[in-house]
Protein chains: 2
Amino acid sequence: MIKNKDLEKELVQKGYKITRQRKIILDTFARLKKRWITAQELYEIVIEKNPKINFSTVYRNLDILTRISILCKIDKGQGVYYYSLNNKDHHHHLICKLCGKTKSIHFCPLEYIDTENFQDFTIVEHKLEIYGYCKECMKDRLVSSGK
Amino acid sequence: MIKNKDLEKELVQKGYKITRQRKIILDTFARLKKRWITAQELYEIVIEKNPKINFSTVYRNLDILTRISILCKIDKGQGVYYYSLNNKDHHHHLICKLCGKTKSIHFCPLEYIDTENFQDFTIVEHKLEIYGYCKECMKDRLVSSGK
DNA sequence: TGCCTAAATGCAAGTATTTGCATTTAATTA
DNA sequence: TAATTAAATGCAAATACTTGCATTTAGGCA
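What counts as what
- Residues numbered from 1 in each chain as written.
- Chains lettered and ligands numbered in written order.
- Predicted model: local features only at pLDDT ≥ 70, side-chain atom pairs only at ≥ 80, totals over all residues.
- Heavy atoms only, no water.
- Helix = DSSP H or I, 4+ residues; strand = E, 2+ residues; numbered from the N terminus.
- Buried < 20%, exposed > 50% of the residue type's maximum accessible area, 1.4 Å probe, protein only.
- Contact = heavy atoms within 4.5 Å.
- Areas by Shrake-Rupley, 256 points an atom, 1.4 Å probe, with all protein chains shown as cover.
- Lys, Arg positive; Asp, Glu negative; His and termini not counted.
- Charge placed at Lys NZ, Arg CZ, Asp CG, Glu CD.
- Near = heavy atom within 4 Å.
- Polar contact = N/O pair within 3.5 Å; in protein donor to acceptor, adjacent residues only side chain to side chain.
- Pairing = 2+ DSSP bridges.

**Here's the deal with the overall build of chain A**
Across its full length, chain A carries five helices and five strands. Moving toward the C terminus, one meets the helices and strands of chain A in the order α-α-α-α-β-β-β-β-β-α. If you line up chain A on its principal axes, its C-alpha atoms span 55 × 45 × 30 Å. Per-residue burial over chain A gives 44% buried out of 147 residues. The long-range fraction of contacts in chain A, counting pairs at least 24 apart against all pairs at least 6 apart in sequence, stands at 45%. For chain A, the exposed area adds up to about 8500 Å²; of that, 50% sits on carbon and sulfur atoms. Positive and negative side-chain charges of chain A, numbering 27 and 18 respectively, have mean locations separated by a distance of 7 Å.

So, in structure tokens, the structure goes:
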């Protein structure tokens, strides 16, 4: 189970300050566990505890927390980003194009290439997102198309 | 060499109409060859030829052309999307985090998994972007950090 | 050629996210 | 504990992109 105190410790270690706003944000993600939420949803939750927190503060913190890998940010293809606590093992995502459900996958393409000096690039980051239809949505598609 | 007439033919085949606006957009990409541009840059070029073309038309066409794989859309991590003509062979990109230079790579992670029914998902799309430093930028980084 | 209709466009307003700058505050040090 | 200061926040405006709806138009057909 992920504790917000541990997340705070990690922030401090990396030289960030623990503000009231940050505490609330971290606490929210700790409660949500692995559920994905948008910046808007986070803002609505957070504002209950501190009505004067600003939207730009939410965005700025999402950005920082994503950069230092406390959060994971994905594009489900709906024009909005989704965020959730990052399980620390390196992974990528399968994303259902219909219901938005995601599944972590532990397959990583970089295991298949030499990252040190690949095509004259020194690789430091990468992003693999695989889109498709989950079992349930696939079933619905087959039914509705009469197959 | 890519001809705008060929691109128009492809659009017609797929059931899209050839409008004045679309002609200008396709023509622009054909001229630019493989150069990456943003929606804003495209708009500025396009408006020279038809001053009353609308921004939403530009965005809508970029979207359609990307969907049908005439264009390729990438996130260079600068908060803006870049578009260019898609070379038809399936590929992904290496992107320099400093100068934004890109390089097509012909390595594809899906060659390593069974896409038909991977973890109960039926895969239909995917996106792999690899970020790093190109040779030149890496050299500059080493110099500036005194190594 | 003129008529017809679905597709495309223009416009204006909306949403999602970012940024610059003045103010506040966490956390270090005296 | 008070002073200090760099980091974080709030606010307002900017940017990037999307959408709904009324109008226009490409392209098929009489």
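Moving on, there is more to tell.
**Some remarks on the protein's contact with DNA strand C**
Taken together, 23 residues are adjacent to DNA strand C, and Ile18 and Tyr59 of chain A together with Thr19, Gln21 and Thr57 of chain B come closest. Of all DNA strand C atoms lying within 4 Å of any protein atom, the proportion belonging to sugar or phosphate reaches 70%. Thr19 of chain B places a side-chain nitrogen or oxygen 2.6 Å from a phosphate oxygen of DNA strand C. Interatomic distance of 2.6 Å between a side-chain N/O atom of Thr57 of chain B and a phosphate oxygen of DNA strand C. For the surface near DNA strand C, the elements supplying multiple residues, two or more each, are helix 3 (39-49) and helix 4 (55-67) of chain A together with helix 2 (20-32) and helix 4 (55-67) of chain B. Broken down by element, the residue count for the surface near DNA strand C peaks at four residues, all from helix 4 of chain B.

**Quick word on the pairing of strand 3 (residues 92-96) of chain B**
All names here are of chain B. Extensive coverage of strand 3 is indicated by the burial of five of its five residues. Burial of the side chains of strand 3 extends over both faces: His92, Leu94 and Cys96 are buried on one face and His93 and Ile95 on the other. Taken together, the four bridges between strand 3 and strand 4 (residues 102-105) define a ladder with antiparallel strand orientation. Paired with Leu94 across the strands is Lys103, a residue of strand 4. From the end of strand 3 to the start of strand 4, which pair antiparallel, there are five residues, and Gly100 there has a positive phi angle of about 80 degrees. Here four bridges tie strand 3 to strand 5 (residues 121-134), and the two strands are oriented parallel to one another.

**Concerning the pairing of strand 5 of chain B**
The element strand 5 of chain B is extensively covered by neighbouring structure, given that ten of its 14 residues are classed as buried. Sheet topology places strand 5 (residues 121-134) of chain A next to strand 5 of chain B; 13 bridges connect them, and they run antiparallel. In the strand pairing of strand 5 of chain B, Ile130 of chain A is matched with His126 of chain B.

Everything listed here is a matter of coordinates, which is why it stays silent on function.
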